Amino acid sequence: MTGLGAVFRPQLPPERLRAVVRLADTAGLEELWLWEDCFREGGISAAAAALAWSEQVRVGVGLLPVPLRNVAITAMEVATLDRLFPGRAIIGVGHGVQDWMGQVGARVESPVTLLREHLDALRALLRGERLTTDGRYVKLDDVALDWPPAGPVEILAGATGPRTLRLSGAAADGTILTASTAPDGVRRARQLIDEGRESAGRTEPHKVVVYLLTATGPDAAARLRAELTGEGVESVPDLGVAGDAGAVAKAVQRLAEAGADTVILQPTGDEPDPEAFVRFAAEEVRALVP
């Protein structure tokens, strides 16, 4: 079965999150994803609140920009979430938007090198290992978590370019693709991810999560077109979907056939009713997605 979820976009104020989380939980939404976009809402703090306000829905953070945090802090926070809410937190990391990283003095010369070092150290610490490493960016001296996760924790990586996609295949447990990824882009991403997996000798499953820009309601087509134009991707074919549950389910299925394991419906930034959007995803679209 194709996984299905929705995004709580950080254009909404944090105080809106509780109502959306409660609705997602009662409506049976599988995954509710949060973003740590500069300079809006903190990913870990929002995820902790969302998990505490719910009982069943899994909460994804897609993604935590690694230049903003020491890997030991990332490991401590992820381990704490997993021990408090076993199996319900989904964590993605990435090298972040470079302009934003520059604004806060965290931009590095080689974002891919930093992401690789962060992924390697983070996954080792979450496995309960004691780690000493002296990389270009990640330096740890005899570090281990006192409270590691009780079981395996998957770490996903956000990726767009070929180098980062290969890196994700080699060093992460899954990959997050942006809403600017059409079905053909998912196929190309899968190829590059698999190249990375092969180079690292990895044979375990690798989860691919894809955001799908989605608009529904009487003005759906206009809102979708405006957002695609604002992002400069209006000319990309098969990007985003506007329409009823049937139209959205078909778009989800096209991404699944291209290689997506989970599709997360991403509302437009001007979505007028975030709660209704979550209900639409959980109740109407889910029923039509095999």
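Everything below is about the structure printed above this text.
These notes cover the structure that comes with them. (Residues numbered from 1 in each chain as written. Predicted model: local features only at pLDDT ≥ 70, side-chain atom pairs only at ≥ 80, totals over all residues. Heavy atoms only, no water.)

This brings us to the overall build of the protein chain. Broken down by element type, the protein chain carries 10 helices and 11 strands. Expected size for 290 residues packed as a compact globule is a radius of gyration near 19 Å; at 18 Å, the protein chain falls within 12% of this value. Expressed as lengths along the three principal axes of its C-alpha atoms, the size of the protein chain is roughly 60 × 40 × 40 Å. Residues classed as buried in the protein chain amount to 56% of the 290 residues present. By sequence separation, contacts in the protein chain at least 24 residues apart represent 75% of the contacts at least 6 residues apart. Surface summary for the protein chain: the accessible area is close to 12,900 Å², and the carbon and sulfur share equals 50%. Side-chain charges in the protein chain split into 30 positive and 40 negative, and the spacing between the mean points of these groups amounts to 2 Å. (Helix = DSSP H or I, 4+ residues; strand = E, 2+ residues; numbered from the N terminus. Rg over C-alpha atoms; globule rule 2.2 N^0.38 Å. Buried < 20%, exposed > 50% of the residue type's maximum accessible area, 1.4 Å probe, protein only. Contact = heavy atoms within 4.5 Å. Areas by Shrake-Rupley, 256 points an atom, 1.4 Å probe, with all protein chains shown as cover. Lys, Arg positive; Asp, Glu negative; His and termini not counted. Charge placed at Lys NZ, Arg CZ, Asp CG, Glu CD.)

Before going further, it helps to spend a moment on the pattern of salt bridges. Using the criterion set out here, one finds 22 salt bridges in the structure. Measuring nitrogen to oxygen at the nearest pair gives 3.2 Å for the salt bridge that ties E275 to R16. With E275 in helix α10 (residues 274-285) and R16 in the loop between β1 (3-8) and α1 (17-27), the pair connects residues that are 259 residues apart, well separated along the chain. For E275, a relative accessible area of 19% corresponds to the buried category. Across the pair E204 and R202 runs a salt bridge, and its minimum N-O distance is 2.6 Å. Judged by relative accessible area, which is 14%, R202 ranks as buried. Look at the salt bridges and you will find they share partners, linking R123, D173, R202 and E204 into a network. (Salt bridge = Lys/Arg side-chain N within 4 Å of Asp/Glu carboxyl O.)

The subject of this paragraph is the environment of A159. The topology assignment puts A159 in the loop between β7 (155-158) and α6 (162-171). Accessibility expressed as a relative area gives 5% for A159, which makes it buried. Through-space distance from the C-alpha of A159 to that of I193 is 9.7 Å; in sequence the pair is 34 residues apart. Contacts of A159, omitting those with residues within four sequence positions, involve T164, L165, T175, I176 and L177.

The subject of this paragraph is the packing of α1 against α10. Two elements in contact, α1 and α10, have axes whose closest approach is 9 Å; the angle formed by their N-to-C orientations is 20°. One way to sum up the angle between α1 and α10 is to call them roughly parallel. Along this stretch, α1 crosses α10, giving a crossing that reads as right-handed. Side by side, α1 and α10 meet where A19, V20, L23, A24 and A27 of the first sit next to P274, E275, V278, R279, A282 and E283 of the second. When grouped by side-chain class, the residues that make up the contact of α1 with α10 number 8 nonpolar, no polar and 3 charged. (Axes fitted to C-alpha atoms, helices over the stretch in contact; angles between N-to-C directions. Parallel < 35°, antiparallel > 145°, perpendicular 65-115°, else oblique. Left-handed = near helix turned anticlockwise from the far one by under 90°. Nonpolar A, V, L, I, M, F, W, Y, C, P; charged D, E, K, R; others polar.)

Moving on, we come to the packing of α6 against helix α7 (residues 183-200). Packed helix pairs are characterised by how far apart their axes lie and by the angle those axes make with each other. Remark: α6 packs on α7, axes separated minimally by 6 Å, with the N-to-C direction vectors making an angle of 50°. Judged by the inter-axis angle, α6 sits oblique to α7. Where α6 crosses over α7, the two elements pack in a sense that is right-handed. Contacts from P162, L165, R166, G169 and A170 in α6 reach A189, L192, I193, E195, G196, R197, S199 and A200 in α7.

Residues E31 and W33 line one face of strand β2 (residues 31-34) and the alternating positions L32 and L34 line the opposite face, and both faces are buried. As judged from the 4 bridges shared by β1 and β2, these two strands associate in the parallel manner. Bridged to G5 within β2 is E31. With α1 bridging β1 and the parallel β2, this β-α-β connection has right-handed handedness. Direction of pairing for β2 relative to strand β3 (residues 58-65): parallel, over a ladder of 4 bridges. Bridged to E31 within β3 is R58. (Pairing = 2+ DSSP bridges. Right-handed = clockwise from strand over helix to strand, strands pointing away.)

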